[in-house]
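# Summary of the model geometry
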Amino acid sequence: LTARPHDREQQPLVNRDEAEEIAAWLEDLGYLDDASYACLNYAFPDYKERGRKALEQCGLQGREEEYIWQLSGGQTHLLALAGAVSLQPDILILDEPTRGIDVGAKYEIYEIIDKLADAGKAVIVISSELPELIGICDRIYTVSYGVVTDNVEKNGFTQEYLMKGMTKEREVAA
C-alpha cells in the first residue's frame, strides 16, 4: 500500500533526514539480504540458508553480496521472486510477473514457474498478456466484470476463445 500526496513539497511521505538514512541503508543491501528478508521477518532460524537456496532457484547464485542498487529491471523481478520463493510457499500468486522486462528475463521467470509447478507448488499467474498465459499455464480462468466466466484446460487455449470469456457482457437483471 502506498500513498502519494498531491503536494509532495508540503506533505512529503518521508522527511529529508529519514530519506537520507533509508538511502544509506539501501546502499549496503545485498541480494542475500533482500532474498532472505521475509524469512527473517517470520523469524525462521535458517533464513540465510533459505535466501541462498531461493537465489539459486532463481539463477542468482554467486551474487549474494552484490548490491541491489546495481540490478537491472529483469534482475529486480528475479530477486523479488527469490524473496517469495524463500518462504517456501505451497501456493504462490504472481501478479504480472514479467511486466516491463526483457525477453531473456521473461524466459528465466517462466523456467522458475515451471520448476515450482513441477515440484508440486501451485502457481497462480495473473497477467494481461495472453501469449504469456497460454505458454505457461495448465488451466486459465477468464474473468469479466469481476465474475469468473470460464475455466479452460490447456488443450482449449486460443487467444480468441480466451478473449470471448474476458469480454462477456455483464448479465443485466430483469
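As shown above, the structure is provided for reference.
Described below are features of the structure shown in this document. (Residues numbered from 1 in each chain as written. Predicted model: local features only at pLDDT ≥ 70, side-chain atom pairs only at ≥ 80, totals over all residues. Heavy atoms only, no water.)

## Quick notes on the packing of aromatic side chains
Convention followed: Each pair of aromatic rings taken from Phe, Tyr and Trp, with Trp reduced to its six-membered ring, is defined by centres within 6.5 Å and is described as stacked if the planes are under 30 degrees apart, edge-to-face if over 60, and tilted in the remaining cases. Only protein chains enter the accessibility calculation, which uses a 1.4 Å probe; a residue whose area is less than 20% of its type maximum is buried, one above 50% is exposed, and one in between is partly exposed. Any Lys NZ or Arg CZ that is within 6 Å of a ring centre and within 35 degrees of that ring's normal is treated as a charge sitting over the ring.
All told, the structure shown has one aromatic pair when counted by the stated rule. Considering the side-chain rings of Tyr42 and Phe44, the 6.2 Å spacing of their centres and the 35° angle between planes classify their relative orientation as tilted. Owing to a relative accessible area of 25%, Phe44 belongs among the partly exposed residues under this scheme. Here Arg50 stacks its cationic end above the ring of Phe44, 3.9 Å away from the centre of that ring.

## Focus on the environment of Leu87
We count it as follows: Secondary structure is summarised from DSSP: a helix means a run of H or I of at least four residues, a strand means a run of E of at least two, and numbering begins at the N terminus for each. Contacts between residues were defined by any pair of non-hydrogen atoms, one from each residue, lying within 4.5 Å.
Counting through the fold element by element, Leu87 comes out in the loop between helix 4 (73-85) and strand 1 (91-95). Along the chain, Leu87 and Tyr37 lie 50 residues apart, while their C-alpha atoms are 9.7 Å from each other. Beyond its immediate chain neighbours, meaning those up to four positions away, Leu87 contacts Ala38, Cys39, Tyr42, Phe44 and Arg50.

## Overview of the side chain of Lys106
On the secondary structure map, Lys106 appears in helix 5 (residues 103-118). On the basis of relative accessibility, which here comes to 17%, the residue Lys106 falls in the buried class. Among all residues touching Lys106, those that are not within four sequence positions of it are Thr98, Ile101 and Glu129.

## Structural notes on the pairing of strand 4 (residues 147-153)
For clarity, the threshold we go by: One bridge is not enough; two strands pair if DSSP finds at least two bridges between them.
Of the pairings in the sheet, the one linking strand 3 (residues 139-144) to strand 4 comprises six bridges and is antiparallel in character. Bridge pairing in strand 4 links Thr142 to Asp150. Turn length for the strand 3-strand 4 hairpin, with the two strands adjacent in sequence and antiparallel, is two residues, and the turn residue Tyr145 shows positive phi of about 55°.

## Some points on unusual backbone geometry
The phi dihedral of Gln88 is positive, around 55°, even though this residue is not glycine. Considering the arrangement of structural elements, one finds Gln88 in the loop between helix 4 and strand 1. With relative accessibility at 40%, the residue Gln88 sits in the partly exposed group. For Tyr145, which is not glycine, the phi dihedral falls at a positive 55°. Its place among the elements puts Tyr145 in the loop between strand 3 and strand 4.

## Some words on the pairing of strand 1
Note the cut-off: A crossover counts as right-handed when, viewed with the strands pointing away from the observer, the path leading from the first strand over the helix to the second turns clockwise.
Alternating residues of strand 1 divide into Leu92 and Leu94, all buried, and Ile91, Ile93 and Asp95, none buried. Bridge count for strand 1 against strand 2 (residues 122-126) is five bridges, and the pairing is parallel. Following the sheet pairing, Leu92 is matched in strand 2 by Val123. At this point the chain moves from strand 1, through helix 5, to the parallel strand 2, and the crossover so formed is right-handed.

## Notes on the environment of Leu55
Along the chain, Leu55 falls in helix 3 (residues 47-57). Leu55 gets classed as buried once you look at its relative accessible area, which sits at 0%. In this structure, the C-alpha to C-alpha distance between Leu55 and Ser36, residues 19 residues apart in sequence, is 9.2 Å. Residues within four places of Leu55 in sequence aside, it is in contact with Tyr31, Leu32, Ala35, Leu60, Gln61, Glu64, Leu79 and Ala82.

## Here's the deal with the nonpolar core
In plain terms, the rule: Take the buried residues of types Ala, Val, Leu, Ile, Met, Phe, Trp, Tyr and Cys, join any two whose side-chain atoms come within 4.5 Å, and each joined set is a nonpolar core.
Counting 33 residues, the largest nonpolar core has Tyr31, Leu55, Leu79 and Leu81 as its most contacted members. Only helix 2 (31-41), helix 3, helix 4, strand 1, helix 5 and helix 6 (130-136) provide two or more residues apiece to this core. Sort the elements by how many residues they give to this core and helix 5 lands first, with six residues. The contact partners of Leu79, leaving out residues within four places of it in the chain, are Tyr31, Asp34, Ala35, Leu55, Leu60, Ile68 and Leu71.

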